[in-house]
Amino acid sequence: MKILVTGAAGFIAGYVVAELLKHGHQVVGIDNFSKYGPVAKAHDGHPDYRFVFGDCKDVGLMTELAADCDRIIAGAAMIGGISYFHQYAYDLLAENERITASTFDAAIAAHRAGRLSRIVVLSSSMVFESASIFPTPESEITRAPPPASSYGFQKLAVEYFARAAHQQYGLPFTIARPFNCVGVGEGKALGDAEIMSGNVKLSMSHVLPDLAQKVLKGQDPLHILGDGGQVRCYTHGSDLARGIRLCVERDEALNDDFNLSTPEPTTVLELAALVWREVHGDRPFRHASDAPFEYDVQRRVPDTAKAARVLGFAATVPVADSVREVVGWVRAELAAGRL
């Protein structure tokens, strides 16, 4: 297939594009480098990859690109870690709605023209920000209270776009919900606020690379947000990319939604201890608690049975392997002066 990937220079998209190319698809990527500035990807020179520098809010450009593709993966968005969606509460809501509307306008037009047969939208685990049932099945999307943060609410709106475009225009869709992506290659965002965490200034706002940065810089005790009891399911980017590819390829995924995640819950404190041991070995682990952010959800654990049953998807990368990889990458980035 020929697949248009929006936000192609982003963190998750880097894994997704590589996964699609590895499985024989042609990929057109579009990005305006607004998050990180110009970035190079290992697949940039691949013969089946074409990169277009452009703004996904340009409906004309998006329609032109979509008309020649079989699928769209709608991944472009203002997106970041917890400090990011507190700092840009309005901007990411407004900007992401513009990006989403433009992408769906293009998809509807391309589907009418005859070639485009599906849009795969990347939602977020944050749509379950207010869920109270764990593990949380996909069906809770219609029962749980709406998300409290503007970011979670906008991601829920993306899912409504998909269902509404199908209802009114017959546009086929698949909704993919990645949970807590971890991996390498995420740089410092141009607009991220620099915040102090203990004696270390951070600018990435994602928990694993931030913990790695603090430990590698010698912070002791290690500062964490809140009491460290927050539960997440840290899923490697390569696993998520495989799940997203299955959402693209499988007929069984048509007009349906899937939680893409490892089912293994890990607390922030457990993650911090893994990072500490990776860097310091048996040195005693000490930590201190900083005031948490307002929308620091205490528990987010998905039910992954549906993705396993329908897509044959299961995450395979253990969190300890992700920690080892990310610590090594952050160490190299610090040595090179990029963090």
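That block above? That's the structure.
So, here's what we can say about the structure. Computed from a predicted model, the values in this text were never measured in an experiment.

With that settled, the discussion passes to the sheet that holds strand β3 (residues 49–53). One open sheet accounts for seven strands, arranged β3-β2-β1-β4-β5-β6-β13; its pairing is parallel. The outermost strands of the open sheet, each flanked by one partner alone, are β3 and β13 (256–260). Across the sheet, the mean angle from the axis of one strand to that of its neighbour is 15 degrees, orientation sign disregarded. Sheet contacts for helix α5 (residues 150–169): β5 (118–122), β6 (173–178) and β13; angle to β6, the most-contacted strand, approximately 165 degrees.

All right, on to unusual backbone geometry then. With omega at -10 degrees, the peptide bond leading from Phe134 into Pro135 counts as cis. By secondary structure assignment, the location of Pro135 is in the loop between β5 and α5. A cis amide bond links Asp220 with the next residue in sequence, Pro221, at an omega value of 5 degrees. As for its position among the elements, Pro221 is in the loop between α6 (207–216) and β10 (222–225). Non-glycine residue Phe33 carries a positive phi angle of around 60 degrees. Counting through the fold element by element, Phe33 comes out in the loop between β2 (26–31) and β3. At Asn255, a residue that is not glycine, the phi angle is positive and equals roughly 55 degrees. Mapped onto the secondary structure, Asn255 falls in the loop between α7 (237–249) and β13.

Moving on, we get to helix α1 (residues 11–22). With 12 residues, α1 extends 18 Å from end C-alpha to end C-alpha; this agrees with the ideal 16 Å at 1.5 Å per step. Where α1 is concerned, the buried positions are Phe11, Ile12, Ala13, Gly14, Tyr15, Val16, Val17, Glu19, Leu20 and Leu21. Immediately beyond the C-terminal end of α1, within one or two residues, lies Gly24, with a positive phi of roughly 90 degrees.

Most often, soluble globular proteins have nonpolar side chains that are buried together. Among the nonpolar cores identified, the biggest contains 31 residues, and Val5, Ile73, Ile244, Leu260 and Leu311 are the most heavily contacted of them. Only β1 (2–6), α1, β5, α7, β13 and α9 (305–311) provide two or more residues apiece to this core. With eight residues, α1 is the largest single contributor of residues to this core. In contact with Leu311, other than residues within four places in its own chain, are Gly243, Leu246, Cys247, Arg250, Ala253, Phe258, Leu260 and Lys306.

Calculation notes
Residues numbered from 1 in each chain as written. Predicted model: local features only at pLDDT ≥ 70, side-chain atom pairs only at ≥ 80, totals over all residues. Heavy atoms only, no water. Pairing = 2+ DSSP bridges. Helix = DSSP H or I, 4+ residues; strand = E, 2+ residues; numbered from the N terminus. Axes fitted to C-alpha atoms, helices over the stretch in contact; angles between N-to-C directions. Contact = heavy atoms within 4.5 Å. Expected span 1.5 Å × (residues − 1). Buried < 20%, exposed > 50% of the residue type's maximum accessible area, 1.4 Å probe, protein only. Core = buried A, V, L, I, M, F, W, Y, C linked by side-chain atoms within 4.5 Å.

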